[in-house]
Amino acid sequence: MTEQAFLIGGGQIHRLIGPRGETPPCPEAKYKRGDVVKVRNTKALASFPREAVIAVAIPPGFSPDHALADLVGEPRPLMAQVGSRSITYVLVRENDPKPYLARERDLLPSGKPPVEIGTVSRAS
């Protein structure tokens with residue numbers, strides 16, 4: 001789904017589409033792409049799977065909506081969430097179309113070896 005807006009005026013129609021980009025690296029992140037992690041069992045995270053894979057580390061202040069769009073190769077949304085003050089992660093599971101957004105403090109190492117993540121696409 002490409003988010004777009006139209007400006008109409010002065011006898012012209014302008015179509016606005018968000019830019020494409022790349023999520024900035026986050027070298028201070030505890031986990032990296034492909035790491036298998038456990039999700040803490042708290043009330044706030046009850047709907048999360050207990051184990052997931054890191055798809056991308058999001059640096060502080062960077063929008064998670066932009067990071068997700070960058071991950072799937074889509075234009076960034078024109079309206080997006082404000083980035084968190086701390087490091088956050090987009091978590092994924094195989095055959096699960098829903099991405100999960102978690103803070104670093106909500107994750108624990110699983111002790112399992114990292115997995116290779118191939119291409120990522122949005123489920124239609």
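Here the structure is shown first, and the text comes after it.
Structural notes, computed from the coordinates. (Residues numbered from 1 in each chain as written. Predicted model: local features only at pLDDT ≥ 70, side-chain atom pairs only at ≥ 80, totals over all residues. Heavy atoms only, no water.)

Here the focus is the pattern of salt bridges. A full pass over the atoms with the stated rule returns 4 salt bridges. Among the ionic pairs, E51 bridges to K112, the shortest N-O distance being 2.8 Å. Taken together, the residues span a long stretch of sequence, with E51 in strand β4 (residues 51-58) and K112 in the segment after β7 (107-109) at a distance of 61 residues. What makes E51 partly exposed here is its relative accessible area of 31%. Residue K112 is classed as partly exposed on the basis of its relative accessible area, which comes to 47%. Among the ionic pairs, D70 bridges to R76, the shortest N-O distance being 2.9 Å. (Salt bridge = Lys/Arg side-chain N within 4 Å of Asp/Glu carboxyl O. Helix = DSSP H or I, 4+ residues; strand = E, 2+ residues; numbered from the N terminus. Buried < 20%, exposed > 50% of the residue type's maximum accessible area, 1.4 Å probe, protein only.)

Before going further, it helps to spend a moment on the environment of R33. Relative to the elements of secondary structure, R33 occurs in the loop between β2 (12-17) and β3 (36-39). Here R33 falls in the partly exposed class, since its relative accessible area comes to 43%. Distance in space between the C-alpha atoms of R33 and Y89 is 9.3 Å, their sequence separation being 56 residues. Contacts of R33, omitting those with residues within four sequence positions, involve I54, A55, L71, I117, G118 and V120. Reaching out from R33, the side chain makes a polar contact with the backbone oxygen of A55 at a distance of 3.2 Å. (Contact = heavy atoms within 4.5 Å. Polar contact = N/O pair within 3.5 Å; in protein donor to acceptor, adjacent residues only side chain to side chain.)

Turning our attention to the layout of surface pockets. Each pocket or cavity is described by its volume, and for the largest pocket that value is around 550 Å³. Taken together, 21 residues form the lining of the largest pocket, with V92, R93, D96, V120 and S121 sitting closest to its centre. In terms of residues, the lining of the largest pocket owes the most to one element, strand β6 (residues 96-103), which gives 4 residues. Classifying every residue of the lining of the largest pocket gives 11 nonpolar, 4 polar and 6 charged. (1 Å grid on protein atoms, 1.4 Å probe; cavity = no way out; pocket = protein on both sides within 12 Å on 5 of 7 lines; lining within 4 Å. Points joined across faces, edges and corners; volume = space filled by probe spheres on them. Nonpolar A, V, L, I, M, F, W, Y, C, P; charged D, E, K, R; others polar.)

Let's shift gears to the nonpolar core. Membership of the largest hydrophobic core comes to 16 residues, with the highest contact counts inside it found for I54, Y89, L91 and L107. Of all the elements in the fold, those that place two or more residues in this core are β3, β4, β5 (88-93) and β6. No other element matches the 3 residues that β4 contributes to this core. In this structure L107 touches Y31, V37, K38, V39, I54, Y89, L91 and A102, once residues within four positions along its chain are discounted. Residues A55, V56, I58 and V90 belong to the second largest nonpolar core, which totals 7 residues. (Core = buried A, V, L, I, M, F, W, Y, C linked by side-chain atoms within 4.5 Å.)

As a further point, take the environment of T23. Within the secondary structure layout, T23 lies in the loop between β2 and β3. For T23, a relative accessible area of 13% puts it in the buried group. C-alpha separation for the pair T23 and K112, spaced 89 residues apart in sequence, amounts to 26 Å. In contact with T23, not counting residues within four places along its chain, are V56, A57, P59, F62, H66, A67, D70 and R76.

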